[in-house]
Amino acid sequence: MQQNQLMKRTAVYTVLFACFALAAVFYYSANKIVVVADVAQDEVAQERDAQGRPDFGQTAGEEDAAGAGNLPEAISERNNILFEQNEQEMNYFCIPLHTDVKAESVTIENHYMDKELWVSIKQEAESAGYADFYQTQGVYGNRSAVIDGCFENGTDAFWLKFRLTDVYEYHSIFEDNKLYIEFLTPREAYDKIVVIDPAYGGDVTGALSDELAGKDITLEIARALKKKLDGTDIKVYYTRMDDSALSEEDRVGLTNATKADMLIRIEVNENEDSKIYGTEAVYNSKFFIPGFGSVELADLLEREVVTAISGKANGLTDSTEEDVVINGATVPAAAIRVGYLSNGQEEILLGREDYIQKIAEGIYQAIMKAYEE
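This text gives an overview of the structure that appears in the document.

Calculation rules
- Residues numbered from 1 in each chain as written.
- Predicted model: local features only at pLDDT ≥ 70, side-chain atom pairs only at ≥ 80, totals over all residues.
- Heavy atoms only, no water.
- Helix = DSSP H or I, 4+ residues; strand = E, 2+ residues; numbered from the N terminus.
- Buried < 20%, exposed > 50% of the residue type's maximum accessible area, 1.4 Å probe, protein only.
- 1 Å grid on protein atoms, 1.4 Å probe; cavity = no way out; pocket = protein on both sides within 12 Å on 5 of 7 lines; lining within 4 Å.
- Points joined across faces, edges and corners; volume = space filled by probe spheres on them.
- Nonpolar A, V, L, I, M, F, W, Y, C, P; charged D, E, K, R; others polar.
- Salt bridge = Lys/Arg side-chain N within 4 Å of Asp/Glu carboxyl O.
- Core = buried A, V, L, I, M, F, W, Y, C linked by side-chain atoms within 4.5 Å.
- Phe/Tyr/Trp six-rings, centres within 6.5 Å; stacked < 30°, edge-to-face > 60°.
- Lys NZ or Arg CZ within 6 Å of the ring centre and 35° of its normal.
- Pairing = 2+ DSSP bridges.

**Comments concerning the environment of Leu-301**
Part 1 of the argument: Position of Leu-301 among the secondary structure elements: in helix α7 (residues 294-309).
Part 2 of the argument: In this structure Leu-301 comes out as buried when scored by relative accessible area, which is 0%.
Part 3 of the argument: Sequence separation between Leu-301 and Ala-335 is 34 residues, and the spatial gap between their C-alpha atoms is 8.4 Å.

Written out as structure tokens, the structure is:
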């Protein structure tokens, strides 16, 4: 008897679930509303010019003046996007799309370090007609977050690139061959925000040994840390995830623009005395934050990293004038210096994958405990 009742209940629940699922499918199909794919800057490789900046900006006229030889081979033309006046008030920024464009072929890239939003549309060939479409068709709606934009043909994708007034997150909807984007501040989108700053990059190598460069070590630690943090409810912004050359001002700017809960800078150390080794943390004492501040963050970082690597703690250090990023942040900010490349033993350790993973684990645990406090 009980078994029969259980089977009947299971059958009823199954039918109800199927009905709800079908209703949802029909609703979204009828309204043609689809959320498109999106990726953050730390998940995509960027086109960069000789100065390490993304290749956003020349219009078609500027290309002629500069010479075609200065353009990446994958780009055949670049033109300004038209911005139409629309009297209807909208919360969304609206991008019309060619009738051939399907939702699955559209990806939005948030290049937050550069305050840019890129929309890519997969295409079979450059003759897809998208360039002709945007010669006459403009974007419209709420453009309070958008400065200007351009479009360009690539080898296998068509790009719409917009310069933004600040660092933004967004919600997007694909409906009736229009892409609607609502811009949000990071704080409107996320409750927990952390900025990770792998030091150096580009021509700034950081400490050097015969085999290793500081910029590569800090980047590998950040990449290992990202894998750990991706599974949490914390929004993490990375100042770089490649060999980009970034100014200290840009790194500080990201931190302050996102109103992050904390800034963690990853550095390596060196000294003329090759016998010196160990882990240190640098904190910003010039900007006092009651409760959990820079000193508390630095202390957590050093304790957790030293524990993870079974290393030596050299203690906390007040920032100097050279610590521009730490000093410029208006949030709890600290740098963790993970070892001395000038020390032979630590040089060997910093070149090992398992050691990098341990450092990343220590930083991860420090972040988790910081939110507990």
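**What about the layout of surface pockets?**
The gaps left among the atoms become clear once a water-sized probe is rolled over them.
Part 1 of the argument: In this structure, the largest pocket spans a volume of roughly 520 Å³.
Part 2 of the argument: The wall of the largest pocket is formed by 23 residues, among which Tyr-200, Glu-267, Glu-322, Asp-323 and Arg-337 lie closest to the centre.
Part 3 of the argument: Within the residue set of the lining of the largest pocket, elements represented by two or more residues are α6 (248-258), β14 (262-269), β16 (313-318) and α8 (324-328).
Part 4 of the argument: It is β14 that provides the largest number of residues to the lining of the largest pocket, a total of 4 residues.
Part 5 of the argument: For the lining of the largest pocket, the per-class residue count stands at 9 nonpolar, 5 polar and 9 charged.
Part 6 of the argument: The calculated volume of the second largest pocket comes to roughly 430 Å³.
Part 7 of the argument: What lines the second largest pocket is a set of 21 residues, and nearest its centre among them are Asp-38, Ala-40, Glu-169, Tyr-190 and Lys-235.
Part 8 of the argument: Residue assignment for the lining of the second largest pocket shows that the elements contributing at least two residues are β2 (37-40), β10 (169-175), α5 (214-229) and β13 (235-238).
Part 9 of the argument: A breakdown of the residues in the lining of the second largest pocket according to their chemical character gives 10 nonpolar, 3 polar and 8 charged.

**Thoughts on the pattern of salt bridges**
Part 1 of the argument: For the structure shown, the criterion picks out 16 salt bridges.
Part 2 of the argument: With its nearest N and O atoms 2.9 Å apart, the salt bridge here joins Lys-226 to Asp-230.
Part 3 of the argument: Note that Arg-337 is salt-bridged to Asp-323, the shortest N-O span being 3.1 Å. Of this pair, Arg-337 sits in strand β17 (residues 333-340) while Asp-323 is found in the loop between β16 and α8, placing the two residues 14 residues apart along the sequence.
Part 4 of the argument: Take Asp-323: its relative accessible area is 8%, and that puts it in the buried class.

**A look at the nonpolar core**
Part 1 of the argument: Core analysis: the largest hydrophobic core is formed by 61 residues, its most contacted members being Ile-196, Ile-264, Ile-336, Ile-359 and Ile-363.
Part 2 of the argument: Here this core takes 9 residues from helix α10 (residues 353-372), the largest share from any one element.
Part 3 of the argument: Counting 29 residues, the second-largest nonpolar core is a separate cluster that includes Phe-93, Tyr-134, Leu-160 and Tyr-170.

**Digging into the packing of aromatic side chains**
Part 1 of the argument: Summed over the entire model, instances satisfying the criterion amount to 12 aromatic pairs.
Part 2 of the argument: Look at Trp-118 and Trp-159: their rings are 5.6 Å apart centre to centre, the planes differ by 80 degrees, and that puts the pair in the edge-to-face class. Within this pair, whereas Trp-118 is found in strand β6 (residues 116-122), its partner Trp-159 is found in strand β9 (residues 157-164), the two being separated by 41 residues in sequence.
Part 3 of the argument: Grouped by ring-pair contacts, the aromatic residues Phe-83, Phe-93, Phe-162, Tyr-168 and Phe-183 constitute a single cluster.
Part 4 of the argument: Cation over ring: Arg-143 sits above Phe-83, and NZ or CZ is 4.0 Å from the ring centre.
Part 5 of the argument: The ring centre of Trp-159 lies 5.6 Å from the NZ or CZ of Lys-161, which sits over that ring.

**Let's talk about the pairing of strand β8 (residues 146-153)**
A regular strand places its side chains so that they alternate between the two faces of the sheet.
Part 1 of the argument: Within β8, 6 of the 8 residues are buried, which leaves the element mostly enclosed by the surrounding structure.
Part 2 of the argument: Summarising the sheet, β8 and β9 pair through 7 bridges and their orientation is antiparallel. Within β9, the position partnered with Val-146 by the bridge is Leu-164.
Part 3 of the argument: The hairpin formed by β8 and β9 contains 3 residues between the paired strands.

Nothing here speaks to function; it is all geometry.
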